[in-house]
Amino acid sequence: AQSVTQPDIHITVSEGASLELRCNYSYGATPYLFWYVQSPGQGLQLLLKYFSGDTLVQGIKGFEAEFKRSQSSFNLRKPSVHWSDAAEYFCAVGSGTGGFKTIFGAGTRLFVKA
Amino acid sequence: NAGVTQTPKFQVLKTGQSMTLQCAQDMNHNSMYWYRQDPGMGLRLIYYSASEGTTDKGEVPNGYNVSRLNKREFSLRLESAAPSQTSVYFCASSETWDSKYEQYFGPGTRLTVT
């Protein structure tokens, strides 16, 4: 069965510092992988996705993620965090069987300090 | 282009009452989804509809029913609300061809059952 683990419930970084959010997945085949962001009181917005090809994918707002099959990981990175990046981040894995079902991780809340 | 809309935004029910959450999308997507979001648990899939005329259970379907009224609309019904159904409910839609699998989310409905 598919599953997604985000080991960090919350992370605090200083504005301007680099960020890495961890994500590990379990899936039998090549996964479809996503990172979504949720600002307070809002729905989720897609940051980036990986289906195949180049294992380093670029997303919106300066985010990138790297797919590492050997580690079953899809970590999200940003070189310099802005205060507006404070939000909750969800990693997700999907399959195309019977429609397209996506399993979400529990989320990592990012706090940014001045 | 409104994207995914949900009504109502907030609702308070007493135990045993029923209600229907409405969702509509204007992106001509084939697939639609209902999730619930609870603290520390990420998003859990309640039901999904891979295409008009079909619906399937997700991870946590008990206590809910759905109707895919047409391609645009996908409603979620609570027949007899219970306090355990207090949650934030999100509707989402996606296309499921040509690698367009990312989901677009509505703003959510915050439901409290007393």
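Residues numbered from 1 in each chain as written. Chains lettered and ligands numbered in written order. Predicted model: local features only at pLDDT ≥ 70, side-chain atom pairs only at ≥ 80, totals over all residues. Heavy atoms only, no water.

S.K.: Let's hear about the overall build of chain B: which residues, and what values?
M.R.: Summing up its helical and strand segments, chain B has 0 helices and 11 strands in all. Mapped from its N terminus to its C terminus, chain B presents α and β elements in the order β-β-β-β-β-β-β-β-β-β-β. Rg of the C-alpha trace for chain B: 13 Å, near the compact-globule value of 13 Å for 114 residues, within the 12% margin. C-alpha atoms of chain B, sized along the principal axes, occupy 45 × 30 × 25 Å. Counting the 114 residues in chain B, one finds 48% classified as buried. A separation threshold of at least 6 residues defines the contact pool for chain B, and within that pool the share at least 24 residues apart is 55%. Counting only carbon and sulfur atoms, one obtains 48% of the accessible surface of chain B, whose full area is about 5200 Å². Seen as two clouds, the 11 positive and the 10 negative side-chain charges of chain B have centres 8 Å apart. (Helix = DSSP H or I, 4+ residues; strand = E, 2+ residues; numbered from the N terminus. Rg over C-alpha atoms; globule rule 2.2 N^0.38 Å. Buried < 20%, exposed > 50% of the residue type's maximum accessible area, 1.4 Å probe, protein only. Contact = heavy atoms within 4.5 Å. Areas by Shrake-Rupley, 256 points an atom, 1.4 Å probe, with all protein chains shown as cover. Lys, Arg positive; Asp, Glu negative; His and termini not counted. Charge placed at Lys NZ, Arg CZ, Asp CG, Glu CD.)

S.K.: Please provide a residue-by-residue account of the pattern of salt bridges, values included.
M.R.: Two side chains bearing opposite charge may form a pair once their charged atoms approach each other closely. Counted by the stated rule, this structure contains 9 salt bridges over all chains. Among the ionic pairs, Glu-102 of chain B bridges to Lys-49 of chain A, the shortest N-O distance being 2.8 Å. Within this pair, whereas Glu-102 of chain B is found in the loop between strand E9 (87–94) and strand E10 (104–105), its partner Lys-49 of chain A is found in strand E6 (residues 44–50), the two belonging to separate chains. Owing to a relative accessible area of 28%, Lys-49 of chain A belongs among the partly exposed residues under this scheme. Because the salt bridges share partners, they merge into one network encompassing Glu-64, Glu-66 and Arg-77 of chain A. (Salt bridge = Lys/Arg side-chain N within 4 Å of Asp/Glu carboxyl O.)

S.K.: Now, about the environment of Asn-65 of chain B: what can you tell me, with residues and values included?
M.R.: All names here are of chain B. Along the chain, Asn-65 falls in strand E7 (residues 64–68). For Asn-65, a relative accessible area of 39% translates into the label partly exposed. Expressed as a C-alpha distance, the spacing of Asn-65 and Pro-39, which sit 26 residues apart in the sequence, is 23 Å. If near-sequence neighbours (up to four positions away) are discounted, Asn-65 is found in contact with Tyr-47, Ser-75, Leu-76, Arg-77 and Glu-79.

S.K.: With reference to specific residues and values, describe the side chain of Thr-102 of chain A.
M.R.: Its location among the elements puts Thr-102 of chain A in strand E11 (residues 101–104). When near neighbours in sequence (up to four residues on either side) are disregarded, Thr-102 of chain A contacts Ala-92, Val-93 and Gly-94 of chain A together with Tyr-35 and Gln-103 of chain B.

S.K.: Explain the packing of aromatic side chains to me, using residue names and the numbers behind them.
M.R.: Per the stated rule, a full pass over the model turns up 15 aromatic pairs over all chains. Look at Phe-63 of chain A and Tyr-89 of chain A: their rings are 5.6 Å apart centre to centre, the planes differ by 45°, and that puts the pair in the tilted class. Of this pair, Phe-63 of chain A sits in the loop between strand E7 (56–58) and strand E8 (64–68) while Tyr-89 of chain A sits in strand E10 (residues 87–95), and the two are 26 residues apart along the sequence. Of the two residues examined, Phe-63 of chain A and Tyr-89 of chain A, each falls in the buried class. Put simply, the rings of Tyr-32, Phe-34, Tyr-36, Phe-51 and Phe-104 of chain A together with Tyr-33, Tyr-35, Tyr-48 and Phe-105 of chain B touch in pairs and so form one group of aromatic residues. (Phe/Tyr/Trp six-rings, centres within 6.5 Å; stacked < 30°, edge-to-face > 60°.)

S.K.: Outline the nonpolar core, listing residues and values.
M.R.: By size, the foremost hydrophobic cluster in this structure holds 26 residues, and its most contacted members are Leu-19, Trp-35, Leu-47, Leu-48, Phe-74, Leu-76 and Tyr-89 of chain A. Breaking this core down by element, the ones donating at least two residues are strand E2 (10–14), strand E3 (19–21), strand E5 (32–38), E6, E8, strand E9 (73–78) and E10 of chain A. With 4 residues, the single largest contributor to this core is E10 of chain A. Grouped together as the second largest cluster of nonpolar side chains are 20 residues, Leu-44 of chain A together with Tyr-33, Leu-43 and Ala-50 of chain B included. (Core = buried A, V, L, I, M, F, W, Y, C linked by side-chain atoms within 4.5 Å.)

S.K.: Go over the side chain of Glu-95 of chain B, please, and point to the residues and values.
M.R.: Within the element layout of this structure, Glu-95 of chain B appears in the loop between E9 and E10. For Glu-95 of chain B, the side chain forms a polar contact with the side chain of Asn-30 of chain B, separated by 3.0 Å. (Polar contact = N/O pair within 3.5 Å; in protein donor to acceptor, adjacent residues only side chain to side chain.)

S.K.: A description of the state of the cysteines should follow, citing residues and the corresponding values.
M.R.: Residue and element names in this part refer to chain B. A full pass over the atoms with the stated rule returns 2 disulfides over all chains. Disulfide pairing places Cys-23 opposite Cys-91 at an S-S distance of 1.8 Å. Disulfide Cys-23-Cys-91: the torsion about the S-S bond is -70°, which places it as left-handed. Placement of Cys-23 in strand E3 (residues 19–25) and of Cys-91 in strand E9 is noted, with a sequence separation of 68 residues between them. Cys-91 shares its class with Cys-23; the two are buried. (Disulfide = S-S within 2.5 Å.)

S.K.: Give me the interface of chain B and chain A: which residues, what numbers.
M.R.: Contacts between chain B and chain A engage 22 residues on the former and 21 residues on the latter. Summing both sides of the interface, chain B and chain A together bury roughly 1700 Å²; the carbon and sulfur share of this comes to 60%. Along the contact surface separating chain B from chain A lie 1 salt bridge. Linking chain B to chain A there are 4 residue pairs in polar contact (both at pLDDT 80 or more). Elements represented by at least two residues in the side of chain B that touches chain A include exactly strand E4 (31–37) and strand E5 (43–49) of chain B. (Buried area = accessible area lost by both parts, 1.4 Å probe.)

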